Amino acid sequence: MSSARAVDRSRLEGLVARELEQFAEANPRSQDLFERARGTLLGGVPMSWMARWAGGFPLFLGEASGARIVDADGHEYVDLCLGDTGAMAGHSPAATVAAVAEQAARGVTAMLPSEDAISAAEELTRRFGLRGWQFTLSATDANRFSIRLAREITERPKILVFDYCYHGTVDETFATLDGDRVVARPGNVGPPVDVSLTTKVVQWNDADALERALALSDVACVLAEPALTNIGIVLPQPGFHDTLRELTRRTGTLLIIDETHTFSGGPGGCTAAWGLEPDVLTIGKAIGGGVPAGAYGVSDEVAARIAAREDADYEDVGGIGGTLAGNALSLAAVRATLTEVLTEEAFGRMIPLAARFAAGVADVIEDAGLPWHVTELGARAEYRFSATPPRNGAESAALGDEELERFLHLYSLNRGVLITPFHNMALMSPATSEADVDRHTAVFTEAVRDLLG
Ligand SMILES: Cc1ncc(COP(=O)(O)O)c(C=O)c1O
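About the thresholds
Residues numbered from 1 in each chain as written. Predicted model: local features only at pLDDT ≥ 70, side-chain atom pairs only at ≥ 80, totals over all residues. Heavy atoms only, no water. Near = heavy atom within 4 Å. Polar contact = N/O pair within 3.5 Å; in protein donor to acceptor, adjacent residues only side chain to side chain. Areas by Shrake-Rupley, 256 points an atom, 1.4 Å probe, with all protein chains shown as cover. Nonpolar A, V, L, I, M, F, W, Y, C, P; charged D, E, K, R; others polar. Buried < 20%, exposed > 50% of the residue type's maximum accessible area, 1.4 Å probe, protein only. Helix = DSSP H or I, 4+ residues; strand = E, 2+ residues; numbered from the N terminus. Pairing = 2+ DSSP bridges. Contact = heavy atoms within 4.5 Å.

(A) Just the site of the ligand, in detail. Surveying the vicinity of the ligand reveals 13 residues, the closest of which are Thr140, Asn230, Asp258, His261 and Lys285. Separating an oxygen atom of the ligand from a backbone N or O atom of alanine 139 is a distance of 3.4 Å. One of the side-chain N or O atoms of threonine 140 is found 2.6 Å from an oxygen atom in the ligand. Burial of the ligand by the protein amounts to 84% of the accessible area it has alone, namely 390 Å². By residue class, the composition of the shell around the ligand is two nonpolar, eight polar and three charged.

Here you go:
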């Protein structure tokens, strides 16, 4: 059943108007800053998606620490958004701040490797099992370079992604299905080529379609998250990852697993938690404790195949690089964040907090008799507007309800809780407490009560 049947739409409209008014009244300084910003920043924000917060203008940052944000008007929030994973380590964790401060005073970037690069790579190997790491400034770049390497060593033209995936601003991935046809995602900005030339798309959890798509052996790599996370969380069905691995191996297709969001699954992401065996693993966001850093690691076999391509220009203008990639500051942040903040012990506290969040939300949903559900993925949890979980990206996309999401986001914002825009997602950090989670549950209870009247 869709939310549309459970929720009185005119009541919802009235509630959104009320919450918008309250938001504007409570945030005069953020609104003034936004007006000023419109003079020199395109759309009034330093990056376009920041304009998409539910209040019509963004809250400007005052300061952030641990699981708390204070906005420019001085309101304090329990932050369950955590920079859409960039701050999963908590805001400005002490160990990362100390390592960054120390490194910043001793040289930020120098075109020379630092010892921290080795420590960071050793820690990634310990967690994810792959050797052969490279560092980038973002998860997007880690994916981009991995795709290039896959095409280079397989000498195959195409990649395969799952419908409604998101892997950063990677040209080849902005593809979706229109029936059986691969077409550009709606709104794709200035695509370089027709995406059907570069990309095959399959529905998540559709093993038969995957088998058909890989059968021609023209796919260099499958790029996949362990679970879809950017169209709501869509978990793999039992056995799907085994099939994915078996089919990719059988057809000589490389498997790139993107752990950028699913790092929430545990210290070694879902790769370690679920025993996945990627050829290449990509990650970003949280690993630097908020400092820009991404990474990709390759299997020994892939490393040997990379080395064997003697004509490939990996070092200069071959399409893989970034002057500031692997800089000493980012690597100090990664080393400290992994070894001292996002530790096994921290995940041991974060994952039960997400379970507490999910249980609280599920109780409210059940008591209200709403046809909604909540899904967990390690330290993250998300509620959706259907009685049962979607099986793939297309089903998940169909559950979107902008007005309802806007209401729930605004309601939370106005009551001191931040959840991730574009999702109904909550993420736990090592600094998040049970009281923070319960605060959300209380606000969610009130929101549902108001919604149903
Ligand atoms: C799974 C996944 N991979 C990669 C990225 C890209 O990360 P970034 O924008 O930091 O490059 C994202 C961003 O949301 C993501 O969700």
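From this point, the narrative continues.
(B) Focus on the pairing of strand β2 (residues 68–71). Here β2 shows a buried face lined by Ile69 and Asp71 and an unburied face lined by Arg68 and Val70. As paired strands, strand β1 (residues 61–65) and β2 are joined by four bridges and run antiparallel to one another. For leucine 61, the partnering residue across the bridge sits in β2 and is aspartate 71. The sheet contact formed by β2 and strand β3 (residues 76–79) spans three bridges and is antiparallel. The partner of isoleucine 69 across the bridge, within β3, is tyrosine 77.

(C) Looking closely at the environment of leucine 33. You can see leucine 33 is positioned in helix α3 (residues 28–37). Here leucine 33 falls in the buried class, since its relative accessible area comes to 16%. Put simply, leucine 33 and proline 58 are 25 residues apart on the chain and 9.4 Å apart in space, counted from C-alpha to C-alpha. Those residues in contact with leucine 33, other than ones at most four positions away along the chain, are Phe60 and Ala72.

(D) Quick look at the side chain of glutamate 405. Along the chain, glutamate 405 turns up in helix α14 (residues 402–413). Not counting residues within four places of it along the chain, the set of residues in contact with glutamate 405 comprises Phe385, Gly400 and Asn424.

Just geometry here; none of it tells us what the structure is for.
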